[in-house]
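Structural features, examined
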Amino acid sequence: MDDRDRAAEKGSGRPRRILLKLSGEALLGDVEYGIDPVVIRRIATEIRDVGRLGVQIAVVIGGGNIFRGEGLARSGMDRVTGDHMGMLGTVINALALQDALERLGVYARVMSALQINAVCEDYIRRRAIRHLEKGRVCVFAAGTGNPFFTTDTAASLRGIEIGADLLLKATKVNGVFSADPLQEPQAERYARISFDRVLTDKLNVMDATAIVMCRDNNLPLRVFSLDQPGDLLRIVRGEDVGTLVTND
């Protein structure tokens, strides 16, 4: 079995270890700014239920509900400063998710790419893997720790580093479409698509750097809607939810 076969097998069966990418906007729910307590509790509950199946779970979370560095830069702020503010926003979200998980009896650790020792651990790859092996949920914050890189790229990087079997990208729509289904209701949804096709057709799944990293390291990606309760659990049980992106 070659690397592509193993990647396809990992993407279609029950994974041993997953990395879940959440956008900061996913935490907004019905509020205009910040974190909706109802939404973050539901997300934490779904993560808890997946963990009960014996699946090891890591999470990368964005900060768009608080700050988005690129947007701040467009308004005139220095891009590096804006990106660092965005990274700090992800730490806030990560701490909120950790609290929601712990309220449900789930052991969780926030690990930051920026050193903020008073509130969370530094990201150290071997320590993260050890936490996962002990059944703890790892929430990776502050992106890659570098400006100009998105949290999508951080998700791909962390997924590769920890040896995840599957990268899950939670979005507002249920998979990858030929066009934005919110603007074009007749857009075609792909059940399965290749990384190369995503890049060639410029389908806005994740940024190009993140897609290339997944492709080159044979990390399968599944795109699904976070608005469909229970879909995360269905995915780890091996059901065909959303869109699977692989090297095939």
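Our subject is the structure listed above.
Presented here is a report on the structure given in the accompanying data block. Here the structure is a predicted model, which is why all the values come from computation and not from measurement. Every residue gets a number counted from 1 within its own chain, in the order that chain's sequence is written. In view of the model being predicted, local features appear only for residues whose pLDDT reaches at least 70, and side-chain atom pairs are presented and counted only at 80 or more, with totals across whole chains, interfaces and linings using the full set of residues. Side-chain descriptors were evaluated using all non-hydrogen atoms of the structure, hydrogens and water having been removed beforehand.

Structural notes on the pairing of strand E1 (residues 17–22)
A regular strand carries its side chains on alternate faces of the sheet. Working definition: with a 1.4 Å probe on protein chains only, accessible area under 20% of the residue-type maximum means buried, over 50% means exposed, and in between means partly exposed. Secondary structure is summarised from DSSP: a helix means a run of H or I of at least four residues, a strand means a run of E of at least two, and numbering begins at the N terminus for each. Counting buried residues along E1, 6 of its 6 residues qualify, which places the element largely inside the surrounding structure. Sheet analysis places E1 next to strand E2 (residues 56–61), joined by 6 bridges and oriented parallel. Across the sheet, Leu 22 pairs through a bridge with Ile 61, a residue of E2. When the strands point away from the viewer, a crossover counts as right-handed if the path from the first strand over the helix to the second runs clockwise. After leaving E1, the chain enters helix H2 (residues 37–51) and then returns to the sheet as E2, a path that is right-handed. Any two strands with at least two DSSP bridges between them are considered paired. As paired elements, E1 and strand E6 (residues 166–171) share 4 bridges and run parallel to each other. For Lys 21, the partnering residue across the bridge sits in E6 and is Lys 169.

Brief notes about unusual backbone geometry
In the Ramachandran plot, Phe 148 falls in the positive-phi region, its phi being about 75° despite a non-glycine side chain. Structurally, Phe 148 can be placed in the loop between strand E5 (137–141) and helix H6 (151–161). Of the residues examined, Phe 148 reaches a relative accessible area of 52% and is grouped as exposed.

Points about the pairing of strand E10 (residues 221–225)
E10 sits mainly inside the fold: 5 of its 5 residues count as buried. By the bridge criterion, 5 bridges tie E6 to E10 in an arrangement that is parallel. Looking at the pairing, Thr 171 lines up with Ser 225 of E10. Pairing between E10 and strand E11 (residues 243–246): 3 bridges, direction antiparallel. In the sheet register, Val 223 faces E11, and the bridge partner there is Thr 243.

Observations concerning the packing of H2 against helix H4 (residues 79–103)
One can describe the packing of H2 onto H4 by two numbers: an axis separation of 9 Å at closest approach and a directional angle of 60°. Relative to H4, the element H2 lies oblique. Judged by the sense of rotation from one axis to the other, the crossing of H2 with H4 is right-handed. Residue-level inspection shows Ile 40, Ile 43, Ala 44 and Ile 47 of H2 in contact with H4, the latter providing Ala 96, Leu 97, Ala 100 and Leu 101. Per-class residue counts for the contact of H2 with H4 are 8 nonpolar, no polar and no charged. Only C-alpha atoms enter the line fits that serve as axes; for helices the fit covers just the stretch in contact. Angles between N-to-C directions range over 0 to 180 degrees. Working definition: roughly parallel below 35 degrees, roughly antiparallel above 145 degrees, roughly perpendicular at 65 to 115 degrees, and oblique for all remaining angles. Crossing handedness is defined as follows: a turn of the near helix away from the far one that is anticlockwise and smaller than a right angle gives a left-handed crossing, while the clockwise case is right-handed. When checking whether two residues touch, look at their non-hydrogen atoms; a contact exists if any pair is within 4.5 Å. As a working rule, the residues Ala, Val, Leu, Ile, Met, Phe, Trp, Tyr, Cys and Pro are called nonpolar, Asp, Glu, Lys and Arg charged, and the rest polar, with Gly in that last group.

A look at the packing of H6 against helix H8 (residues 208–216)
Two elements in contact, H6 and H8, have axes separated by 7 Å at closest approach and are oriented at 20°. In terms of orientation, H6 lies roughly parallel with respect to H8. The handedness of the crossing between H6 and H8 is left-handed. Together, Asp 152, Thr 153, Ser 156, Leu 157 and Ile 160 of H6 and Thr 209, Ala 210, Met 213 and Cys 214 of H8 make up the contact between the two elements. Tallied by class, residues from the contact of H6 with H8 come to 5 nonpolar, 3 polar and 1 charged.

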